[in-house]
Amino acid sequence: MILQPYHLYIERTDASRNMARYYAMSIEPNLFGDICLLRKWGRIGSNGQMMVHHFGREDEAVGLFLDLLRQKRKRGYHPRAVKAT
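Read on for a plain summary of the structure. (Residues numbered from 1 in each chain as written. Predicted model: local features only at pLDDT ≥ 70, side-chain atom pairs only at ≥ 80, totals over all residues. Heavy atoms only, no water.)

**Focus on the pairing of strand β4 (residues 49-55)**
Now for step 1: Judged from the seven bridges that link them, strand β3 (residues 35-43) and β4 form a sheet pairing that is antiparallel. Within β4, the position partnered with leucine 37 by the bridge is histidine 53. (Pairing = 2+ DSSP bridges. Helix = DSSP H or I, 4+ residues; strand = E, 2+ residues; numbered from the N terminus.)

**Considering the sheet that holds β3**
Now for step 1: Strand order in the open sheet formed by five strands is β4-β3-β2-β1-β5, with antiparallel pairing between adjacent strands. Because the sheet does not close on itself, it has two edges, and the strands there are β4 and β5 (78-79).
Now for step 2: By the bridge criterion, two bridges tie strand β1 (residues 6-14) to β5 in an arrangement that is antiparallel. Across the sheet, the residue bridging to isoleucine 10 is proline 79, located in β5.
Now for step 3: Lying over the sheet, helix α1 (residues 58-74) contacts β1, β2 (19-29), β3, β4 and β5, oriented at roughly 170 degrees with respect to β2. (Contact = heavy atoms within 4.5 Å. Axes fitted to C-alpha atoms, helices over the stretch in contact; angles between N-to-C directions.)

Structure follows, in structure tokens:
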């Protein structure tokens, strides 16, 4: 059972390098009661790639979630900018 929701969507864009990437993660239970960390990444607008990690305990999944978040923040990923209307 997951105690709180974990969802993340971050982007990295650089027009001078023609770079527009996204990275998404979430922690969810599967049908067998295991805890899964789902990772999706790719070019913005594409389906990209996906990887699923299975864990027996939520704290293990949260640890990897936070480690990956730190790595991506160091590489320049940030939450999507909200455009004013």
